[in-house]
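# Summary of the model geometry
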There are 2 protein chains.
Amino acid sequence: MSENMTIPYKIYLSESEIPAAWYNVRADMKNKPAPLLNPGTGKPMTAEELGGVFCEELVKQELDNDTAFIEIPTEIREFYKMYRPAPLVRAYCLEKYLDTPAHIYYKFEGNNTSGSHKLNSAIAQAYYAKKQGLKGVTTETGAGQWGTALSMACAYLGLDCKVYMVKVSYEQKPFRREVMRTYGASVVPSPSDTTEVGRKILAEFPGTGGSLGCAISEAVEVATTNPGYRYVLGSVLNQVLLHQSVIGLEAKTALDKYGVKPDLIIGCAGGGSNLGGLIAPFMGEKLRGEADYRIIAVEPASCPSFTRGKFAYDFCDTGMICPLAKMYTLGSSFIPSPNHAGGLRFHGMSTVLSQLYHDGLMEARAVEQTAVFEAAELFARVEGILPAPESSHAIRVALDEAIKCKETGEEKNILFGLTGTGYFDLVAYQKFNDGVMDDYIPTDADLEKGFAGLPKIPG
Amino acid sequence: MSENMTIPYKIYLSESEIPAAWYNVRADMKNKPAPLLNPGTGKPMTAEELGGVFCEELVKQELDNDTAFIEIPTEIREFYKMYRPAPLVRAYCLEKYLDTPAHIYYKFEGNNTSGSHKLNSAIAQAYYAKKQGLKGVTTETGAGQWGTALSMACAYLGLDCKVYMVKVSYEQKPFRREVMRTYGASVVPSPSDTTEVGRKILAEFPGTGGSLGCAISEAVEVATTNPGYRYVLGSVLNQVLLHQSVIGLEAKTALDKYGVKPDLIIGCAGGGSNLGGLIAPFMGEKLRGEADYRIIAVEPASCPSFTRGKFAYDFCDTGMICPLAKMYTLGSSFIPSPNHAGGLRFHGMSTVLSQLYHDGLMEARAVEQTAVFEAAELFARVEGILPAPESSHAIRVALDEAIKCKETGEEKNILFGLTGTGYFDLVAYQKFNDGVMDDYIPTDADLEKGFAGLPKIPG
């Protein structure tokens, strides 16, 4: 960095610097992510098959492993201007508190009503649905961030929006439901008796709090059995990582302005949308051999798909009606313990990130939730932002790495993704404040049960 | 505005443009706000008397009717950098939706964890308490925004923080309480049995949901009976309006950059802190005869201190232990109906704003809550931000005025204050979504009861 440039607390790009194109990291991958397979035939899903579930344009994006830059339509860029560019924050207060020589930066995606980065893909998916002349979309939501984001996008475009919300979140987060309703969405706790797959799951596990996998099955069933509807998904898919590349592109532009090169990039990983978006342009440079970055995916110890899962073809949903994806997975029947508080509950992981991890291009680390909330509380008090539990996984590792720098004296540049705010996670914070939060780590036997359900590929 | 300058969706000033001094509108007022009186003697409160309740430096600011600009200490400016400058937003989407020739701008103060502008004064008051070597501060909070803001400021500075929270909010907004606890504050529902005045109020009104007036009495009692503590207040006081002038100063700097002069400035008014801050530099120009602006204070029809109150000396608290302030008031015993949902529950109004209103320098308008939530929902869907019910009072009138412009064809510039977000007001939104929200307007007889309790000034 040039000596005479002071880095502000928050680097805001101008609206004209919002990326004009998404970056598709698959174009630079030597080993492409494995294709989605038709569970019946074991053959790669065709655009036609996928078109029954997803919008046409999104299917194209899903299957496109070659185009590096895909133009962002003007209408989406206009919507982005309502809440983007998102600030890149230099964590001066945290550095001072930790007394670390490390320089800590975070890309803050929480300054919008959905409270997270999810809006970046929600508006894109809703836009293409609208453009295709559809009546509405269906989806699932866990912590509720994705559902809120989609409700906002649909309200803006005048699309109908049906959200299947994981029951445990529906009950613990009634206020998220009300935000979605305020934006005109209909919200159903999942598993529900409104779908065939929901009724089946309820019959088998009457007391279940649900899972993202169940809710996906229900939303897909509704989309494929109601004319004029398609299904949209907030994470995992290639198209979602593509849309989320705006996070990384903006972060890189902001850092480049000040000549800062991150040594370490840290993001939380559930399905992988935030992490995939944050690292995209950096990973691109790494894949093209132009630069090197250490990249760490952080996941909950209670749902450890990267660190303890298998790299195998699996269903994305519990109902086993979705295509098979090759990914790090705990098995589609794996449901994290109910005392797992904050998001990142999905049993699998983006196929793109799975391939990159498999190829040794990134690391993964699992953290326990008490340690995560300790990091969250410290961050809230020192940096003034109450973080989402999901984001706090990344904070935990950023703190650990900054403390290491203090020990070694290294002046590393640490960049992490602060995906969202914790304003709707106060039930979990209350548990932590009351000292009744505990950690849960599945046993090997727990995991074996999930692995036992991995599908055999036909053919 | 010069023709070649496009106004962005959000105008962000740089951190160096955060005001270096607060602007004290009292310096430019010909008719100064009436002094606080000692309720026992009827004489103006001295600095020494006030010093038993408030920090020394804040007493100076409270009594200073002459200094136009008061320097903001570096430490406070550093804290401001964590969440300021706040954006000035051009409401392009709303203008398009309304098809109005009006240009609508709003100063958005909700992008911080306290969710409102309250943090601007909280950090200032906590800073002066810390500088004076105090152990901690006590306060009251209604909707919880002020308590959250103060908790954040105290956590940052390492001060103890005791918050008396209006019982109805404590119960309806448990999550606000948890945010405060996460920031290390202790939170007590008011009226409580922890103070003499609280026990007295409970004995007289056993089922009361409390009021800001009660909570103030309790917090003041604790501050004045515990060594090392002082009381701080989130609104009403001159010092608070002074600190909040950063809102207006930033808004004016941003508008000046684009050569925009607001024709109409609209803000919600409870105790007056946001409105007083927003209008400060504009009112200054008006008082000095340099420019003219139409200014509208918006208050709830259920707590109409400007539009139906009396301009008289009254207690700021229900317990009648605070000094007397000359203000538009409904009487310190007035408690809004429990079906009044969103903030702005204080029976009185800033003495500064009361004097300005009395002198015909601003207007006031009362709006009913169903109409307020209709405006809130529309704003959320079109502009993408879920507004606080308080802020939505200003939105309501901004919409009404923009619609008038459509009828008359006038291309007015409308500026309003969007004081905060509604993420912790979902109980009220749920009522609205369920269609069970109703309006409440006190009868003249209701108001007479409050006026009957107005104090007689001794001497």
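Residues numbered from 1 in each chain as written. Chains lettered and ligands numbered in written order. Predicted model: local features only at pLDDT ≥ 70, side-chain atom pairs only at ≥ 80, totals over all residues. Heavy atoms only, no water.

On to the relation of the copies chain B and chain A, then. Here chain B sits on chain A after a turn of 180 degrees about the axis and a move of 0.0 Å along it, with an RMSD of 0.0 Å. Taken together, these values place the two copies in the relation of a two-fold axis. Identified as the residue of chain B closest to the rotation axis by C-alpha distance is B:Asn111, at 3.1 Å. Same-surface contact between copies: 100% of interface residues of chain B are shared with the interface of chain A. (Least-squares fit on C-alpha atoms with pLDDT ≥ 70 in both. Contact = heavy atoms within 4.5 Å.)

A few words now on the environment of A:Lys60. With respect to the secondary-structure elements, A:Lys60 resides in helix H2 (residues 56-63). Separated by 179 residues in the primary sequence, A:Lys60 and A:Gln239 place their C-alpha atoms 8.8 Å from one another. (Helix = DSSP H or I, 4+ residues; strand = E, 2+ residues; numbered from the N terminus.)

This part takes up the domain arrangement of chain A. Put simply, an interface is often sized by how much accessible area is lost when its parts join up. All names here are of chain A. Each domain of chain A was delimited in the assignment, giving domain 1 (3-20 + 84-115 + 239-451) and domain 2 (35-71 + 118-231). In this structure, domain 1 and domain 2 have C-alpha centres spaced 23 Å apart. Of the residues lining the interface, 36 residues belong to domain 1; the matching set on domain 2 comes to 40 residues. Summing both sides of the interface, domain 1 and domain 2 together bury roughly 3,300 Å²; the carbon and sulfur share of this comes to 59%. Of all residues in domain 1, Ser114, Gln239 and Phe424 give up the largest surface area on contact with domain 2, accounting jointly for 22% of the area buried on that side. (Domains from an automatic or database assignment. Buried area = accessible area lost by both parts, 1.4 Å probe.)

Residues and elements named next belong to chain B. Across the sheet, 7 strands lie side by side as E1-E4-E5-E15-E10-E11-E14; this open sheet has mixed pairing. The sheet terminates laterally at strand E1 (10-11) and strand E14 (363-367), the two strands that pair on one side only. Inspection of the sheet shows strand E10 (residues 264-268) paired to strand E15 (residues 413-418) by 3 bridges, in the parallel sense. Note that in E15 the partner of Ile265 across the bridge is Leu415. (Pairing = 2+ DSSP bridges.)

Moving on to the nonpolar core. Counting residues in each nonpolar core, the largest one holds 167 residues, and the members touching the most others are A:Trp22, A:Ile266, A:Phe416, B:Trp22, B:Ile266 and B:Phe416. Grouped together as the second largest cluster of nonpolar side chains are 39 residues, A:Ile247, A:Met283, A:Tyr293 and A:Tyr328 included. (Core = buried A, V, L, I, M, F, W, Y, C linked by side-chain atoms within 4.5 Å. Buried < 20%, exposed > 50% of the residue type's maximum accessible area, 1.4 Å probe, protein only.)

Residue and element names in this part refer to chain B. Remark: helix H2 (residues 56-63) packs on helix H11 (residues 238-257), axes separated minimally by 7 Å, with the N-to-C direction vectors making an angle of 90 degrees. Classified by the interaxial angle, the pair formed by H2 and H11 is roughly perpendicular. Each of Leu58, Gln61 and Glu62 in H2 lies in contact with H11, whose residues at this interface are Asn238, Gln239, Leu242 and His243. Split by residue class, the contact of H2 with H11 holds 2 nonpolar, 4 polar and 1 charged. (Axes fitted to C-alpha atoms, helices over the stretch in contact; angles between N-to-C directions. Parallel < 35°, antiparallel > 145°, perpendicular 65-115°, else oblique. Nonpolar A, V, L, I, M, F, W, Y, C, P; charged D, E, K, R; others polar.)

Let us look at helix H15 (residues 369-383) of chain A. All names here are of chain A. The end-to-end C-alpha distance of H15 is 20 Å, a good match for the 21 Å that 15 residues give at a rise of 1.5 Å each. By the criterion of burial, H15 is predominantly enclosed, with 12 of the 15 residues buried. Taken together, the buried positions of H15 are occupied by Gln369, Thr370, Val372, Phe373, Ala375, Ala376, Glu377, Leu378, Phe379, Ala380, Val382 and Glu383. After H15 finishes, the residue Gly384 shows a positive phi value of roughly 80 degrees. (Expected span 1.5 Å × (residues − 1).)

The next thing to look at is the interface of chain B and chain A. With 41 residues of chain B at the interface, the matching set in chain A holds 41 residues. Summed over both partners, the interface of chain B with chain A buries about 4,000 Å², with 56% contributed by carbon and sulfur atoms. Sorting the residues of chain B by area buried against chain A places B:Phe175, B:Thr182 and B:Tyr423 first, and these three jointly supply 18% of that buried surface. Along the contact surface separating chain B from chain A lie 4 salt bridges. In this structure, A:Lys10 engages B:Glu15 in a salt bridge whose closest nitrogen and oxygen atoms are separated by 3.5 Å. The interface formed by chain B and chain A includes 27 residue pairs in polar contact (both at pLDDT 80 or more). Among the elements of the structure, helix H6 (145-157), helix H8 (174-182), helix H15 (369-383) and helix H17 (426-433) of chain B are those that each provide at least two residues to the side of chain B that touches chain A. (Salt bridge = Lys/Arg side-chain N within 4 Å of Asp/Glu carboxyl O. Polar contact = N/O pair within 3.5 Å; in protein donor to acceptor, adjacent residues only side chain to side chain.)

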